[in-house]
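If you want the building blocks of each chain, they are given just below.
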Amino acid sequence: SFRRGFWRQTRKDQIKARQGRFMGFYFLFFLTYLTCTGLITWAWMSLGDISMRDSDLFMASLTISAIIALLPNGIILATFGGVLPAAAIGEKLSLRDARLIARTTFGTTLKRLAIGSFGVPAVLFVAVLVLQSVLSPSSDDYHPINLLAHLIFKGIGLLAIHFTAVALSLGLREGEKN
């Protein structure tokens, strides 16, 4: 089997085989998310007559577009995202095979992505933002409370990445069983 042969390779060959395929699929999904965000931002700016000269309004529309783009990206990840954990362990899983596996796990994986990768981090982000606005006495970016909040925001981002990895790995594992 491929897995037994994979573990017999030298460590350097294992890393080389996994890394290239994984990074290729990761870049593909990242590019898909950027494309969704770009299209939504373009539509938003066209309909709302928003100019890049108004930087606050442009940044607000870009942020809202990035949040809206999470929905199609979540659907794409729930459908094809099984290739990421498969590539990470060295399996050669195609996008077609990932879609076939996702037929049985799509709903569960999408729910895990919505709750773990978006819901929990969004609630934590709002909670920290509210606490920061209450506890921080000034608008000084270098105030200890603001620095702590900044570190916590980074941690929340990492948490979302970990939840995504777990959701995709569980989806692949459950799909392979079925």
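See the structure above.
Conventions adopted
- Residues numbered from 1 in each chain as written.
- Predicted model: local features only at pLDDT ≥ 70, side-chain atom pairs only at ≥ 80, totals over all residues.
- Heavy atoms only, no water.
- Helix = DSSP H or I, 4+ residues; strand = E, 2+ residues; numbered from the N terminus.
- Buried < 20%, exposed > 50% of the residue type's maximum accessible area, 1.4 Å probe, protein only.
- Areas by Shrake-Rupley, 256 points an atom, 1.4 Å probe, with all protein chains shown as cover.
- Contact = heavy atoms within 4.5 Å.
- Expected span 1.5 Å × (residues − 1).
- Phe/Tyr/Trp six-rings, centres within 6.5 Å; stacked < 30°, edge-to-face > 60°.
- Polar contact = N/O pair within 3.5 Å; in protein donor to acceptor, adjacent residues only side chain to side chain.
- Salt bridge = Lys/Arg side-chain N within 4 Å of Asp/Glu carboxyl O.
- Axes fitted to C-alpha atoms, helices over the stretch in contact; angles between N-to-C directions.
- Parallel < 35°, antiparallel > 145°, perpendicular 65-115°, else oblique.
- Nonpolar A, V, L, I, M, F, W, Y, C, P; charged D, E, K, R; others polar.
- Core = buried A, V, L, I, M, F, W, Y, C linked by side-chain atoms within 4.5 Å.
- Patch = residues over 30% accessible without salt bridge, like charges linked within 9 Å, V, L, I, M, F, W, Y side chains within 5 Å.

Student: How would you sum up the overall build of the protein chain? Please name residues and give values.
Tutor: When its secondary structure is counted, the protein chain shows seven helices and zero strands. Helices and strands in the protein chain line up, N terminus first, as α-α-α-α-α-α-α. Here the protein chain holds 178 residues, and 30% of them are scored as buried. Only carbon and sulfur atoms are counted for the fraction: they give 69% of the accessible area of the protein chain, which is about 11700 Å².

Student: How would you sum up the environment of A167? Please name residues and give values.
Tutor: Residue placement: A167 occurs in helix α7 (residues 144–177). Spatially, the C-alpha atoms of A167 and T109 are 5.8 Å apart, while their sequence positions differ by 58 residues. Ignoring any residue separated from it by four or fewer positions in sequence, one finds A167 in contact with T109, R112 and L113.

Student: Just give me the short version of α7, but keep the residues and values in it.
Tutor: With 34 residues, α7 should cover 50 Å at 1.5 Å per step; its first-to-last C-alpha distance of 49 Å lies within 8% of that length. Residues N146, A149, I156, A160, T164, A167, L168, G171, L172 and G175 constitute the buried set of α7. The inward-facing, buried residues of α7 abut α4 (70–80), α5 (83–88) and α6 (95–135).

Student: An account of the packing of aromatic side chains is requested, with residue identities and associated values reported.
Tutor: For the structure shown, the criterion picks out two aromatic pairs. Taking 4.7 Å as the distance between ring centres and 40° as the angle between the ring planes, the aromatic pair formed by F125 and F153 counts as tilted. Remark: F153 occurs in helix α7 and F125 occurs in helix α6; sequence separation between them is 28 residues.

Student: Before we move on, could you go through the side chain of T109 and cite the residues and values that matter?
Tutor: Looking at where T109 falls in the secondary structure, it is placed in helix α6. In terms of polar contacts, T109 uses its side chain to reach the backbone carbonyl oxygen of T105, at 2.9 Å.

Student: Go over the pattern of salt bridges, please, and point to the residues and values.
Tutor: Taken as a whole, this structure holds two salt bridges when the rule is applied. Notably, a salt bridge pairs R96 with D97, separated by 4.0 Å at the nearest N-O pair. On the accessibility criterion, D97 (29% relative accessible area) is partly exposed. For E174, the salt bridge goes to R112, with nearest N and O atoms at 2.9 Å. Taken together, the residues E174 in helix α7 and R112 in helix α6 connect sequence positions 62 residues apart.

Student: So what about the packing of α4 against α6? Which residues, and what values?
Tutor: Two quantities define a packed helix pair, namely the angle between the axes and the distance from one axis to the other. Where α4 meets α6, the closest approach of the two axes is 4 Å, and the angle between their N-to-C directions is 135°. Compared by their axis directions, α4 and α6 come out oblique. Within the contact between the two elements, α4 uses L70, G74, I75, L77, A78, T79 and F80 and α6 uses L95, A98, R99, A102, F106, T109, L110, L113 and F118. Considering only residue class, the contact of α4 with α6 consists of 12 nonpolar, three polar and one charged.

Student: Any chance you could break down the nonpolar core for me, citing the residues and the numbers?
Tutor: The biggest cluster of nonpolar side chains holds 15 residues, and the ones touching the most others in it are F25, F29, L77, V83, L84 and L93. Top contributing element to this core by residue count: α5, with four residues. Apart from the residues within four sequence positions on either side, L93 is in contact with R21, F25, G82, V83, A86, A98, I101 and L172.

Student: If you had to explain a nonpolar patch on the surface to someone new, which residues and values would you point to?
Tutor: A surface patch of nonpolar side chains, amounting to about 640 Å² of accessible area, comprises F125, V126, L129, V130, L131, V134 and L135. Here L129 lies in helix α6.

Student: Help me get a handle on the packing of helix α3 (residues 55–68) against α4, residues and values and all.
Tutor: α4 packs onto α3 with a crossing angle of 30° between their chain directions and a minimal axis gap of 5 Å. When the axis of α3 is compared with that of α4, the two are roughly parallel. Mapping the contact onto sequence places A66, I67 and I68 in α3 and L70, L71 and P72 in α4.

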